[in-house]
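# Results of the structural survey
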Amino acid sequence: MRTIYWDDKKGCVTLVDQTALPVKLLLLDIHEVRDLEDAILKLKVRGAPALGAAGGFGVALLAYTIKSRDIKEYIEKLMSGADELKGTRPTAVNLSWGVERTMRKALTGKDISEIQSLALEEAKAIADDDVARCKAIGEHGSKLLEDGDTVMTHCNAGRMACVDWGTALGVIRSAVAEGKKIKVISCETRPLNQGCRITTWELMEDGIPVTLITDSMSGHVMRKGMVDKVIVGADRIVEDAVFNKIGTYTHSVVAKAHGIPFYVAAPFSTFDFTKKEKDVVIEERSGDELRYWGGMQIAPKDVQVYNPAFDATPMENVTAIITELGILKPPMDFSEIKKKFNI
Ligand SMILES: CSC[C@H]1O[C@H](OP(=O)(O)O)[C@H](O)[C@@H]1O
């Protein structure tokens with residue numbers, strides 16, 4: 001079952017509410033774009049590729065729910081709604097990418113009805129495309145894993161972060177499908193615990209051996225020789241850095257210190273050819289995500305909190321980037337990459 005999809009019978013977006021995992025597999029039907037924005041803000045749907053699909057489906061929801069029949073007013077409302085949707089979470093480039101790709105296609109429509117059907121058609125194409133890209137990433141990345149490897153990962157870059165299959169976990173799934181015995185060490189990923197709530201759940205569902213550790217244990221396990229490779233996802237890849245869940249940079253430093261390959265698995269929709277590290281906004285989230293967990297207060301309620309959701313890993317800490325078109329070895333000249341892959 002896909003993480004996010006359009007239900008043709010109900011005429012809505014249906015998505016897995018990831019805040020209920022691992023206790024419940026809960027599906028949410030979303031009929032209005034404001035409810036989709038709320039789901040994105042609360043990380044009910046999250047993960048760069050999944051946000052790309054959410055961006056596309058959000059444009060389709062807008063297209064079908066804007067009431068005005070005057071084409072000029074309709075398009076103005078569609079464009080302002082799309083801009084608001086893009087701003088819901090600033091760091092992952094895929095959300096904007098999905099919105100913009102769907103808008104470009106929709107606005108080729110000659111009337112409102114055609115705009116609506118083109119928006120939905122493109123949003124569905126983005127979702128189908130993501131599954132194919134993740135499978136291709138898996139195939140390319142599997143070549144980097146050996147039978148018997150223990151792979152450490154951070155946050156969740158599995159099928160719940162995508163439409164299906166996953167990026168970092170997609171590489172592991174492909175290696176296992178090819179008969180390689182792979183064990184996984186999953187970092188819990190404070191403060192929202194995507195690693196302990198979602199990655200361990202996904203892997204146990206698939207029967208892939210997984211051990212949960214705290215983020216602060218990563219140095220210890222790598223120094224003890226318990227990790228053969230590190231694979232993570234990404235939210236935005238620029239020429240000089242990889243933006244990913246907070247804590248990724250730390251793991252990259254420790255991996256480099258111990259000569260452990262540090263891989264990033266991501267589709268080209270996560271690449272940003274327009275920015276450098278210094279230009280990228282890192283989302284800062286509510287301090288209550290650290291003061292409370294599951295409704296229980298775990299810090300003084302008025303304690304000062306700094307809560308950046310992502311960090312930047314300099315490209316020199318990255319061994320390779322696994323994409324749907326092959327393996328890229330830093331340092332990379334992004335203008336050459338664009339030419340080579342005709343992007
Ligand atoms: C396959 S991209 C997954 C990427 O997205 C996550 O961020 P969030 O859970 O805040 O959406 C995390 O950075 C993952 O590596």
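Predicted model, so just to flag it, every value in this text is computed and none were measured. (Residues numbered from 1 in each chain as written. Predicted model: local features only at pLDDT ≥ 70, side-chain atom pairs only at ≥ 80, totals over all residues. Heavy atoms only, no water.)

### A short note on the site of the ligand
As a reminder of what qualifies: Only heavy atoms are used to decide nearness, and a residue is near a molecule or strand if one of them lies within 4 Å of it. The definition of a polar contact used here is a pair of N or O atoms within 3.5 Å, where within protein one atom must be able to donate a hydrogen and the other to accept one, and adjacent residues in sequence count solely through side-chain atom pairs. Using the Shrake-Rupley algorithm and a 1.4 Å probe, accessible areas are obtained, with residue cover drawn only from the displayed protein chains. Helix numbers and strand numbers start at the N terminus; a helix is a DSSP run of H or I with at least 4 residues, a strand a run of E with at least 2. Amino acids outside the nonpolar list (Ala, Val, Leu, Ile, Met, Phe, Trp, Tyr, Cys, Pro) and the charged list (Asp, Glu, Lys, Arg) are all regarded as polar, and Gly is one of them. Boundaries between domains were set according to an automatic or database domain assignment.
Every one of the 18 residues lining the ligand counts as a neighbour, but Arg-46, Arg-89, Asp-235, Asn-244 and Lys-245 are closest to it. Measuring from an oxygen atom of the ligand, one finds a side-chain N or O atom of Arg-46 at 2.8 Å. At 2.7 Å, a side-chain N or O of Arg-89 approaches an oxygen atom of the ligand. In isolation the ligand offers 400 Å² of accessible surface; the protein chains occlude 100% of this area. Taken together, the elements giving at least two residues each to the shell around the ligand come down to α2 (48–65) and β9 (241–245). For the shell around the ligand, the residue count by class is eight nonpolar, six polar and four charged. Each of two domains, domain 1 (4–134) and domain 2 (139–341), supplies a minimum of three residues to the shell around the ligand.

### Quick notes on the pairing of strand β7 (residues 229–232)
Defined as follows: Burial classes follow relative accessibility: with a 1.4 Å probe on protein chains only, a residue under 20% of its type's maximum area counts as buried, one over 50% as exposed, and anything between as partly exposed. For two strands to be treated as a pair, DSSP must find no fewer than two bridges joining them.
Residue alternation in β7 divides its side chains into two sets, Lys-229 and Ile-231 and Val-230 and Val-232, and both sets are buried. As paired elements, strand β4 (residues 150–154) and β7 share two bridges and run parallel to each other. The partner of Met-152 across the bridge, within β7, is Val-230. Where β7 lies against strand β10 (residues 262–265), three bridges are found, and the strand directions are parallel.

### Quick word on the UniProt feature "binding site: substrate" (unreviewed entry) in the protein
Convention followed: UniProt positions are given in the numbering used here, feature names are shortened, and annotations may be inferred rather than shown by experiment. Only heavy atoms matter for contacts: two residues are in contact if any of them lie within 4.5 Å across the pair.
Following the UniProt record, one finds the feature "binding site: substrate" (unreviewed entry) at Arg-46, Gly-47, Ala-48, Arg-89, Gln-194, Asn-244 and Lys-245. Within the fold, Arg-46 resides in the loop between α1 (33–41) and α2. For Arg-46, a relative accessible area of 4% translates into the label buried. The residues touching Arg-46, leaving out its near neighbours within four places in the chain, are Gln-18, Leu-51, Arg-89, Cys-155, Asn-156, Met-160, Ala-161, Gln-194 and Ile-198. A distance of 2.9 Å separates polar atoms of two side chains, one belonging to Arg-46 and the other to Gln-18.

### Some thoughts on the domain arrangement of the protein
Note: interface size is frequently given as the accessible area lost on complex formation between the parts. Counted only if it meets this: Simply put, the buried area is the total loss of 1.4 Å probe accessible area from both parts when two parts are fitted together. Each salt bridge in this description consists of a side-chain nitrogen of Lys or Arg and a carboxyl oxygen of Asp or Glu lying within 4 Å of one another.
What the domain assignment reports for the protein is domain 1 (4–134) and domain 2 (139–341). Between domain 1 and domain 2, the C-alpha centre-to-centre distance is 25 Å. A combined buried area of about 2600 Å² lies between domain 1 and domain 2, and 57% of that area is made up of carbon and sulfur atoms. Here domain 1 is connected to domain 2 by two salt bridges. A salt bridge links Arg-133 to Glu-324; the shortest N-O distance between them is 2.9 Å.

### Some points on the nonpolar core
What counts, and what does not: In plain words, nonpolar cores are sets of buried Ala, Val, Leu, Ile, Met, Phe, Trp, Tyr and Cys residues tied together by side-chain atoms within 4.5 Å.
Grouped together as the largest cluster of nonpolar side chains are 39 residues, with contacts concentrated most on Ile-4, Leu-36, Ile-40, Phe-57 and Leu-78. If you list the elements that add at least two residues to this core, you get β1 (4–7), β2 (12–16), α1, α2, α3 (71–86), α4 (93–106) and α5 (112–142). Top element by residues in this core is α2. It accounts for eleven residues. Those residues within four positions of Ile-40 in sequence are excluded, and the remaining contacts are Val-45, Leu-51, Ala-54, Leu-85, Thr-88, Arg-89 and Leu-95. Membership of the second largest hydrophobic core comes to 28 residues, among which are Met-222, Val-230, Val-232 and Ile-321.

### Some words on the side chain of Thr-153
Topologically, Thr-153 is positioned in strand β4. Among the polar contacts made by the side chain of Thr-153, one reaches the main-chain carbonyl oxygen of Ile-231 at a distance of 2.8 Å. In contact with Thr-153, not counting residues within four places along its chain, are Ala-168, Leu-169, Val-184, Ile-185, Ser-186, Cys-187, Thr-199, Ile-231 and Val-232.

### As for the sheet that holds β4
Rules: Helix axes are fitted only over the stretch in contact, all axes being lines through C-alpha atoms; the angle between N-to-C directions runs from 0 to 180 degrees.
The strand order across the open sheet built from seven strands is β6-β5-β4-β7-β10-β14-β15, with neighbouring strands paired in mixed fashion. Each having just a single partner strand, β6 (210–213) and β15 (326–328) make up the two edges of the open sheet. Pairs of neighbouring strands in the sheet enclose a mean axial angle of 25°, with direction left out of account. Summarising the sheet, β4 and strand β5 (residues 183–187) pair through five bridges and their orientation is parallel. Looking at the pairing, Thr-153 lines up with Ser-186 of β5. Across the sheet, helix α7 (residues 194–205) lies against β4, β5 and β6, angled at about 165° from β5, the strand it touches most. Sheet strands touched by helix α9 (residues 248–257): β4, β5, β7 and β10. Its angle to β10, the strand with the most contacts, is close to 145°.

### Points about the pattern of salt bridges
Considering all chains together, one arrives at 27 salt bridges under this definition. Here Lys-86 makes a salt bridge to Asp-83, at a shortest N to O gap of 3.8 Å. In this pair, Lys-86 and Asp-83 both sit in helix α3, three residues apart, roughly one turn of the helix. Taking the relative accessible area as the measure of exposure, Lys-86 reaches 22% and is therefore partly exposed. One salt bridge connects Asp-129 with Arg-133, and the closest N-O pair in it is separated by 2.9 Å. Remark: Arg-133 and Asp-129 occur in helix α5; sequence separation between them is four residues, near one turn of the helix. Since its relative accessible area comes to 16%, Arg-133 is described here as buried.

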